[in-house]
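Notes for the structure review
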Amino acid sequence: MDLEIRDLHVQVEEKVILKGVNLTVNKGEVHALMGPNGSGKSTLANVLMGNPFYQVMQGDVLYKGEDLLAMAPDERARKGLFIAFQYPVAIPGVTMASFLRTAVSARRGYSKELIPVGEFQKILRAKIEELKMDPAITGRYINEGFSGGEKKRAEILQMALLEPEIAIMDETDSGLDIDSVKIVADGVNRMFDAAKGQMGILVITHYSRVLHYIKPDYVHVIFDGRLVVSGGAELAEELERSGYEGIKSQVDVIHSEVAASGAVRRAGKVFWVVH
Amino acid sequence: MISREAVEAISARTGEPVWMREQRLAAWGVYESLPLPDPTQEEWRRTDISGLRLDALRALVDGTGPVAAALPPRAAALAGGEERAGLLVQRDGRTVQHVLDEAAQRQGVLFLDLDQAVRQAPDLVREHFLSVIRPDELKFRALHAALRTGGTFLYVPPGVEVTLPLVTSTWLNTPGAGLFPHTLLVAGEGSKVTFLDVFGSDGMSRQTVVSNAAELILRDGAQVRYVAFQDWGANVWEFGLIRARLGRDAALHSLIVAFGGSLVKTDIESKLEGPGSQSEMLGLYFGDGTQHFDFHTLQEHLAPHTLSDLLYKGAVKDRARTVFAGLIRVHPGGQKTNAFQSNRNLILNTGAKSDSIPKLEIMANDLRCTHGSATSRLNDEHLFYLMSRGLTRRQAVQMVVDGFFAEVFDRVPLPRLGEQMQQEIGRKIAEL
Ligand SMILES: Nc1ncnc2c1ncn2[C@@H]1O[C@H](COP(=O)(O)OP(=O)(O)OP(=O)(O)O)[C@@H](O)[C@H]1O
Ligand SMILES: [Mg+2]
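Residues numbered from 1 in each chain as written. Chains lettered and ligands numbered in written order. Predicted model: local features only at pLDDT ≥ 70, side-chain atom pairs only at ≥ 80, totals over all residues. Heavy atoms only, no water.

A closer look at the overall build of chain B
As a reminder, the rule being used: Counting from the N terminus, the helices are DSSP H or I runs at least four residues long and the strands are E runs at least two residues long. When a residue's accessible area, from a 1.4 Å probe over protein chains only, is under 20% of the maximum for its type it is buried; when over 50% it is exposed; and in between it is partly exposed. We call two residues in contact when some of their heavy atoms are within 4.5 Å. Only the protein chains shown count as covering a residue, and every accessible area follows the Shrake-Rupley method with a 1.4 Å probe.
When helices and strands are tallied, chain B shows 10 helices and 21 strands. Viewed in the frame of its principal axes, chain B has a C-alpha envelope of about 65 × 50 × 50 Å. Out of the 432 residues belonging to chain B, those deemed buried represent 62%. Counting only contacts in chain B whose residues sit at least 6 apart along the sequence, the fraction spanning at least 24 positions is 86%. In the form shown here, chain B has an accessible surface area of approximately 15800 Å², with 48% of it arising from carbon and sulfur atoms.

Digging into the coordination of the magnesium ion (ligand 2)
Residues and elements named next belong to chain A. Where we set the bar: Metal-coordinating donors are taken as N, O and S atoms lying within 2.8 Å of the metal, or within 3.2 Å when the metal is Na, K or Ca; because water is left out, some sites can appear incomplete.
Only Ser 42 (OG) and Gln 86 (OE1) from the protein reach the magnesium ion (ligand 2) as donors, at distances of 2.0 Å. With Ser 42 in helix α1 (residues 41-49) and Gln 86 in the loop between β6 (81-84) and α3 (96-107), the pair connects residues that are 44 residues apart, well separated along the chain. Gln 86 sits in the buried class, given a relative accessible area of 13%.

Concerning the site of ligand 1
Residues and elements named next belong to chain A. Heads up, the rule is: A cutoff of 4 Å decides nearness: a residue is near a molecule or strand if any of its heavy atoms lies inside that distance of it. Polar contacts, as counted here, are pairs of nitrogen or oxygen atoms within 3.5 Å of one another; within protein the pair requires one atom able to donate a hydrogen and one able to accept it, and residues that are adjacent in sequence qualify only if both atoms are side-chain atoms. Three residue categories are used. Nonpolar comprises Ala, Val, Leu, Ile, Met, Phe, Trp, Tyr, Cys and Pro, charged comprises Asp, Glu, Lys and Arg, and polar comprises the others, including Gly.
Near ligand 1 you find 16 residues, and of these Lys 15, Lys 41, Ser 42, Thr 43 and Phe 53 are the closest. In this structure, His 206 approaches ligand 1 through a side-chain N or O atom, which is 2.9 Å from an oxygen atom. In the complex, 69% of the free accessible area of ligand 1, which totals 630 Å², lies under the protein chains. Those elements that provide at least two residues to the shell around ligand 1 are β2 (15-25) and α1. The dominant element in the shell around ligand 1, judged by the number of residues it contributes, is α1, at three residues. Residue composition of the shell around ligand 1, by class: five nonpolar, eight polar and three charged.

So, the packing of α3(A) against helix α5 (residues 148-162) of chain A
Residue and element names in this part refer to chain A. This is how the line gets drawn: Axis definition: a line fitted to C-alpha atoms, over the contacting stretch in the case of helices. Angles run 0 to 180 degrees between N-to-C directions. Note: crossing handedness is left-handed where the near helix turns anticlockwise from the far helix by less than a right angle, and right-handed where it turns clockwise.
Between α3 and α5, whose axes approach to 9 Å, the crossing angle comes to 35°. Of the two possible hands of crossing, α3 and α5 adopt the one that is right-handed. Contact residues: Met 96, Phe 99, Leu 100, Ala 103, Val 104 and Arg 107 in α3; Ala 154, Leu 157, Gln 158, Leu 161 and Leu 162 in α5. Among the residues forming the contact of α3 with α5, the class breakdown is nine nonpolar, one polar and one charged.

Considerations on the side chain of B:Glu16
Residue and element names in this part refer to chain B. In this fold, Glu 16 is placed in the loop between α1 (4-14) and α2 (18-33). For Glu 16, a relative accessible area of 12% translates into the label buried. A polar contact is formed between the side chain of Glu 16 and the side chain of Ser 11, at a distance of 2.8 Å. Side chain to side chain, Glu 16 and Thr 14 meet in a polar contact 3.0 Å long. Leave out the neighbours within four places in its chain, and Glu 16 touches Ser 11, Arg 21, Arg 24, Val 118 and Arg 148.

Observations regarding the environment of B:Ala6
All names here are of chain B. With respect to the helices, strands and loops of the structure, Ala 6 is situated in helix α1. For the pair Ala 6 and Val 61, spaced 55 residues apart in sequence, the C-alpha to C-alpha distance is 6.5 Å. Here Ala 6 is in contact with Met 1, Ala 59, Val 61 and Leu 147, once residues within four sequence places are set aside.

Focus: the side chain of B:His301
Residue and element names in this part refer to chain B. Tracing the sequence through the fold places His 301 in strand β16 (residues 292-301). The exposure class assigned to His 301 is buried, which follows from its relative accessible area of 0%. Those residues in contact with His 301 that lie beyond four places of it in its chain are Leu 272, Thr 306, Leu 307, Ser 308, Arg 329, Val 330, His 331, Gly 334, Thr 337, Asn 338 and Ala 339.

Thoughts on the interface of chain A and chain B
A common way to state how big an interface is: give the accessible area lost once the parts meet. The line we're drawing: Throughout, buried area stands for the accessible area (probe radius 1.4 Å) lost by two parts on being put together, summed over both. Any Lys or Arg side-chain nitrogen located within 4 Å of an Asp or Glu carboxyl oxygen qualifies as a salt bridge.
Contact with chain A, which involves 31 residues of that partner, is made by 18 residues of chain B. In total, about 1900 Å² of surface goes out of reach between chain A and chain B, with carbon and sulfur atoms giving 69% of it. Scanning the region where chain A abuts chain B turns up one salt bridge. Linking B:Arg389 and A:Glu155 is a salt bridge whose minimum nitrogen-to-oxygen distance equals 2.5 Å. Our count for the chain A to chain B interface comes out at 10 residue pairs in polar contact (both at pLDDT 80 or more).

What to know about the packing of aromatic side chains
The cut-off we apply is this: Pairing of aromatic side chains here covers Phe, Tyr and the six-membered ring of Trp, requires ring centres within 6.5 Å, and sorts the geometry by plane angle: under 30 degrees stacked, over 60 edge-to-face, intermediate tilted.
Taken as a whole and judged by the stated rule, the model has 17 aromatic pairs over all chains. Between A:Phe85 and B:Tyr385, the ring centres sit 5.6 Å apart and the planes meet at 40°, which makes this aromatic pair tilted. Within this pair, whereas A:Phe85 is found in the loop between β6 and α3, its partner B:Tyr385 is found in helix α8 (residues 380-387), the two belonging to separate chains. Overall, the relative accessible area of 2% leaves B:Tyr385 in the buried class. Here the aromatic cluster, defined as three or more aromatic residues joined through ring pairs, consists of B:Tyr285, B:Phe293, B:Phe295, B:Tyr312 and B:Phe324.

A look at unusual backbone geometry
A positive phi is found at A:Lys64, a non-glycine position, where the angle reads about 50°. According to the relative accessible area criterion, A:Lys64 is partly exposed, its value standing at 34%.

A word on the packing of helix α9 (residues 393-409) of chain B against helix α10 (residues 415-430) of chain B
All names here are of chain B. As a packed pair, α9 and α10 sit with axes 10 Å apart at the nearest point and diverge in direction by 145°. Taken as a pair, α9 and α10 cross one another with a handedness that is right-handed. Contact residues: Arg 394, Val 397, Gln 398, Val 401, Asp 402, Phe 405 and Phe 409 in α9; Gly 418, Met 421, Gln 422, Ile 425, Gly 426, Ile 429 and Ala 430 in α10. Considering only residue class, the contact of α9 with α10 consists of eight nonpolar, four polar and two charged.

Geometric descriptors of this kind do not, in isolation, establish any biological role.
Below is the structure:
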């Protein structure tokens, strides 16, 4: 198993956000994660990358058999974990070009010096072209003054350059226009195919549209800090038609039963494992 | 030790004219009569010089003629890799290397050791030397005027443009010495020149004092880029003054870079005397260990339609402390002026400290003036973002700090200097 999340509990400051998440993502698989606003999707993504802002209270995460939570963020990245952030930060004064060159060097195992400029430029140009981006972006400061869509594309550019083994895309499709969703999805599919089974993807999204392009093998629903439903690609369509209300009422049923007896429960599609 | 006899010995050694000898002796008298700056005075309140031992300083009186001594590799590196039209290297106030492009020579550019200039172009030197700075302003200025050795005289005739930079590299070699380098730059009407004033030393085994002074004289329409780059070793105390006078429509672009020394107190002043004159004042400093840097800047608007635009950015680390005090003074004659001042500090760890004190003295009523200061800490979200792409914490910090300084780098079209600054910044961060 390549990424195995077991009973993960996470809090921010005093607030508990993830309340026992279980999920396994293997290379060669595409997973989708859906769920209402505030249910903990970005929290999960951030905690997997090691954002110091979030505290893991319980549970573990194994990445390629190793204790992921014990690693610093840079080590996780160098070992092939990647997140396309929902809200990438702007860093004044640091050009995309110098940042990307340093990042690519780190991922490719250059320890002292950086990847030769010529070689890097070639790779960079190719990826920029694939993603139909404006080459001028490399001279700009990281995310500074980028439009919403430019930020999302710049995240995918980084993903393409760093060739991750497990990639998490946190609402990359939000904020992209219709054509851009397709361009980005094509780019991601190309990476996935080129990796020949050596890459797994977790797509966090609110919309089934992107899942028409990036076809998930599994769809999971997160609700109030727990994965409560898993299914195939059709689940995304169903959710989009019916919304989260149906799930919410099923969750409420289980909630009261669990409170009463404490056991494994199921109500309709929703299951809940008590640990 | 420094003394009246030392003043006489230095004067005799350089074989200078009587007027300069008398100027030195008068300055020595002033030095003896003036007290050290009063620590309760606003300007000196934040910089403690009670550990200063001027009496113990060694005067650099020995020897005559140029010294052939080899410079340490760091001194040579300090002169930088910028393509240049001329280079003057001085060690302990004496010239060890001197070159000037033939083209510049033909144009009548004088780029000389100041001691040599006094003999070679006595009238020009006499007219301008100590015309911008007075020995009786401060005890350190008097000491400087009395014991000055070497320094640079740069004269650019009217209408002459020197495209490549001229560089003076001032290397301090003797622990316990007092070094008093002087830069006298005269840019004639409509002339154009770039001058890099580079200073450095190794770490000193005991307190070593530099009191340097630069007089920058820009005639009408002159355009000057002036860079002072200092990388003193430990135990060096610097008391410096850089003061410019700008004629009508003259434009000065200055950059002060400070990395070294134990205690540095430098004043940087622009006097906008001619209508339409402009002064860009940039500063970049990085204090670590227990370094103490104190910069006082003055943007003095004496004429209408003048512009000053100041940006000083500094980083502090370990237990270092920096002070920036910037004054904008607009005289009644300074109508329709623009004066901007901005100071930004980045604190890399708790224990390091930056003060920023903007001040305004406005005696005109038709002008635009803004000032602002901000002190920030390393942003954890920035570091996390960079690290999430595989950069080590050190690389991430370096990137954020370089990014912080980029606003200054980007305004100085001297790429090699930019690299040199980045290297020095990297060296300081490596010890984080
Ligand atoms: N820094 C923070 N301080 C306080 N609360 C936070 C913080 N970050 C997240 N939260 C809270 O944690 C909960 C989960 O947030 P998270 O960003 O993981 O949701 P999400 O599922 O990604 O939502 P969305 O679909 O809107 O992106 C929310 O209630 C949010 O307000
Ligand atoms: Mg989110």
